[in-house]
Amino acid sequence: MTDGPRRRRDRRPWALQAALLLSVTALGWALIAHALATLRAQGVAAGFGFLRQPAGFEIGESWLGYDPQRSLARAFIVGLSNTIRVALPACALTTILGTLIGLGRRAPYRPARALCTAYVELVRNVPLLVQLLMWYFALTTFLPDAGDAWRGPFGVYLSKSGLSFPWPAAPPGHWWPWTWDRPIAGPLNVSGGGAVTPEYLAVLLALTVYTAAFVAEVVRAGIEAVPIEQVQAAQAQGLRSAQIIGWIVLPQALRVMVPSLTNQYLNLTKNSTLGVAVGYPELVSISNTALNQTGRAFECITVITAIYLALSLLTSAAMNRYNARVALRGAR
Amino acid sequence: MAMPTTRREAAADWRRDLFGSPWRSVTTLVLAALALTVAARVLPWTIGRAVARPDAEACRALDHAGACWGVVVEKFRAIIFGRYPYAQQWRPATGTAALLVLAAISAWPRCWRRWLAGAWMIALFGFVLLMRGSTVLGWEIVPTSRWSGLPLSLLLSLLALALALPLGVLLALGRRSELPLLRALCRTYIELVRGVPLISVLFMAAFLLPLLVPHGWQPDIFLRVLMGLAGFAAAYLAEVVRGGLQAVPSGQLDSARALGLRRWQVQRFIVLPQALRAVVPSLMNSVIGTVKDSSLVTVVGLYELTGALSLALGGDPIWRPFYLEGYLFISFLYWGACFALSRYSRWLERRLRTPL
């Protein structure tokens, strides 16, 4: 672009850009000015001061202390903690399940391949929302009442009101949790221990099962990127198939997989917002309640957008660092 | 691993695969037993003991030991057409059928001519006209708030894609532009939209847009949600298209410029055809994604297929216990559409790989 004739027309692009900047700024300014005017007419002062008001609504479940007298900001933090509380375990579980299924799709055993292919084709072609609603309905309809909960191994109880399980607890006078608080089945309900609601379980299961189908495809692509000669060489060395997968294939496949896996984790976290459909109080659901109660559409939506953007950026930054570690030395 | 050539070799291959070693034999037997057990429970539920008549008494008597497909029969029109006025439901039915026929025709690459684009425009316009109604034609006007069910899902997905594809191409071209400001704007838009969940985009479209736009200019909820869906899909499509643009060798651009083609002609005739052909699988993934995403509009109060199902069963104490069958039915509809699309995409990919 440094040739003579081009240089003479060089002003046109700048004029275009100036016009673009002007029109975008003008549009944005007009929209925001109108919004502010509307709000002022409704007697609402724009700003984030309202976050200090008492929230005034209940939140179904939380591992942080909360009651309706606490501030709206606290409610948002509780929502964020609920998002993380479901997204982190789901990421871990989906990685395990997805890796197994991805490996299964390349297994030298036809029934395993058929099963894993069927899983992927079945699960990823049905909308997550439909799957989530189905899980929620199944959990709240077909499980026994809390009075005669199913007893699983390790003192775990499962019923219509959720899953109860032993949870580390600090005995009186100690601050370090080193005993187990075990759930006790009563005639009407299960008390004690750690507990999660059916809403939480439905979101966790739906996210795990759905994302695993995509993780499986990522794993399969990663494995296919490892040259077959590597596997043959490992076989010639007398390694067993588990050793070949763990020492030869997966470490090399990880290089290809990490960027796509990051995307899947981000998708999972963003998809956890579907919890709003079954009443799991994650961030968007809290924000939606707050929006309905205070009418602060602009602020509430800004808050969740900012939080999700930050979450996205943080996750990709962390995964980029990990990616740099598994990447080939000197390669970019 | 040579491909087995004869039937006998294939059979030997299978035998080796299933019973090649003691471990394999045991695994195969265990798996077969497991499959039989599952089939022995699932088959009677879906077929054997299932009730296909819309008979609530018989369904209740089953006590979930068999599926009650009668709920789908009884509520069929409520699930498919939702809140659309009962007497007028032939209109969305006609529109849906016409669109499906057109989609089947366009699946054939030989029909990819200019008239097809025109046909799509006419079909989409006709569909909207059928849904909305017209006093001139003597069709009762039906407000968008009553559009629901399958036609709404179809319309939202198709219109969102039709709007998102050009926007996505423009965003992708903008992101690779020589103009730094344009590049920054496109990049900001793409990253911003891809960073937030679709639900929050839909909430924005439903609750925030009315605040921003003066009265009288306000698009109704259908248009707002459509804008949200399209704007969201465009950001993802832009990244897909960008991948394709990067795959076009720069020599192609240089030769096109040397031949004297203008900037837009280079993009239109040289770069975009190659770029889009290179990313057909990812484009189809985005299409499938948008079809599935259209189910989320139920969260902001539009009754597409999922919402119409809740509407049909949620308020009915007689049929409410048979939600699972309803969900399985719409899952099957979505699955059929998305699976067909993904198979088609694979076929198209193979076909486009060989030069036309």
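Residues numbered from 1 in each chain as written. Chains lettered and ligands numbered in written order. Predicted model: local features only at pLDDT ≥ 70, side-chain atom pairs only at ≥ 80, totals over all residues. Heavy atoms only, no water.

J.: Honestly, the interface of chain B and chain A in this entry has me stumped. Any pointers?
T.: How big an interface is tends to be expressed through the accessible area that disappears when the partners come together. Contacts between chain B and chain A engage 57 residues on the former and 50 residues on the latter. Both sides of the chain B and chain A interface together cover about 4700 Å² of buried area, and 71% of this is carbon and sulfur. A per-residue breakdown of the area chain B buries against chain A is headed by Leu211, Leu212 and Lys292 of chain B, which together make up 13% of the total. Residues Glu121 of chain A and Arg346 of chain B are paired through a salt bridge, measuring 3.3 Å at the closest nitrogen-oxygen approach. At the junction of chain B and chain A, the tally comes to 13 residue pairs in polar contact (both at pLDDT 80 or more). (Contact = heavy atoms within 4.5 Å. Buried area = accessible area lost by both parts, 1.4 Å probe. Salt bridge = Lys/Arg side-chain N within 4 Å of Asp/Glu carboxyl O. Polar contact = N/O pair within 3.5 Å; in protein donor to acceptor, adjacent residues only side chain to side chain.)

J.: Looking at this structure, I do not really get the packing of aromatic side chains. What am I missing?
T.: The geometry of an aromatic ring pair comes down to the distance between the two centres and the angle between the two planes. All names here are of chain B. Per the counting criterion, the structure on display carries 16 aromatic pairs over all chains. With 5.8 Å between their ring centres and 80° between their planes, Trp90 and Trp139 make a pair best called edge-to-face. Highlighted residues: Trp90 in helix α6 (residues 90-106) and Trp139 in the loop between α7 (114-132) and α8 (149-175), separated in sequence by 49 residues. Centroid distance Phe203 to Phe207: 5.7 Å. Interplanar angle 15°. Geometry classified as stacked. Pair noted here: Phe203 and Phe207 are both in helix α10 (residues 198-212), with a separation of 4 residues, about one helical turn. Owing to a relative accessible area of 3%, Phe203 belongs among the buried residues under this scheme. (Phe/Tyr/Trp six-rings, centres within 6.5 Å; stacked < 30°, edge-to-face > 60°. Helix = DSSP H or I, 4+ residues; strand = E, 2+ residues; numbered from the N terminus. Buried < 20%, exposed > 50% of the residue type's maximum accessible area, 1.4 Å probe, protein only.)

J.: Would you take a moment to explain the sheet that holds strand β8 (residues 194-196) of chain A for this structure?
T.: Sheet strands pair via backbone hydrogen bonds, and the direction of the pair is either parallel or antiparallel. Residue and element names in this part refer to chain A. Read from one edge of the open sheet, 4 strands run β1-β2-β3-β8, paired in antiparallel fashion. Two strands in the sheet have a free side with no partner beyond their single neighbour: β1 (150-151) and β8. Of the pairings in the sheet, the one linking strand β3 (residues 162-165) to β8 comprises 3 bridges and is antiparallel in character. Bridging across to β8, Leu163 finds its partner in Val196. (Pairing = 2+ DSSP bridges.)

J.: Before we go on, may I ask you to explain the confidence of the model for chain B in this structure?
T.: As a note on interpretation, predicted positions should not be read in detail where pLDDT is low. Residues and elements named next belong to chain B. Summarising the model, chain B shows a mean pLDDT of 87, and 98% of its residues fall at 70 or more. For chain B, per-element mean pLDDT is lowest for helix α3 (residues 56-62), which scores 81, and highest for α8, which scores 93. Predicted as a complex, the structure gets a pTM of 0.88 and an ipTM equal to 0.88. (pLDDT = per-residue confidence, 0-100.)

J.: Looking at this structure, how should I read the state of the cysteines?
T.: Simply put, the disulfide is a covalent bond whose two ends are the sulfur atoms of two cysteines. Residues and elements named next belong to chain B. Taken as a whole and judged by the stated rule, the model has 1 disulfide over all chains. With a sulfur-sulfur separation of 2.1 Å, Cys59 is cross-linked through a disulfide to Cys68. Where Cys59 bonds to Cys68 through sulfur, the torsion about that S-S bond is close to 80°, and the disulfide is right-handed. Overall, the relative accessible area of 1% leaves Cys59 in the buried class. (Disulfide = S-S within 2.5 Å.)

J.: Can you help me understand the pattern of salt bridges in this one?
T.: Where side chains of opposite charge bring their charged atoms close, a pairing between them can arise. According to the stated counting rule, one finds 20 salt bridges over all chains in the structure shown. One salt bridge connects Glu121 of chain A with Arg124 of chain A, and the closest N-O pair in it is separated by 3.7 Å. Grouping residues by exposure puts Glu121 of chain A and Arg124 of chain A together as buried. With a shortest N-O distance of 3.1 Å, Arg220 of chain A and Glu217 of chain A are connected by a salt bridge. Of the two residues, Arg220 of chain A and Glu217 of chain A are both situated in helix α6 (residues 198-224); the distance of 3 residues between them amounts to about one turn of the helix. Residue classification places Arg220 of chain A among the partly exposed positions, given a relative accessible area of 23%. One network of salt bridges, in which partners are shared, links Arg105, Arg106, Glu121, Arg124, Glu217, Arg220 and Glu224 of chain A together with Arg343 and Arg346 of chain B.

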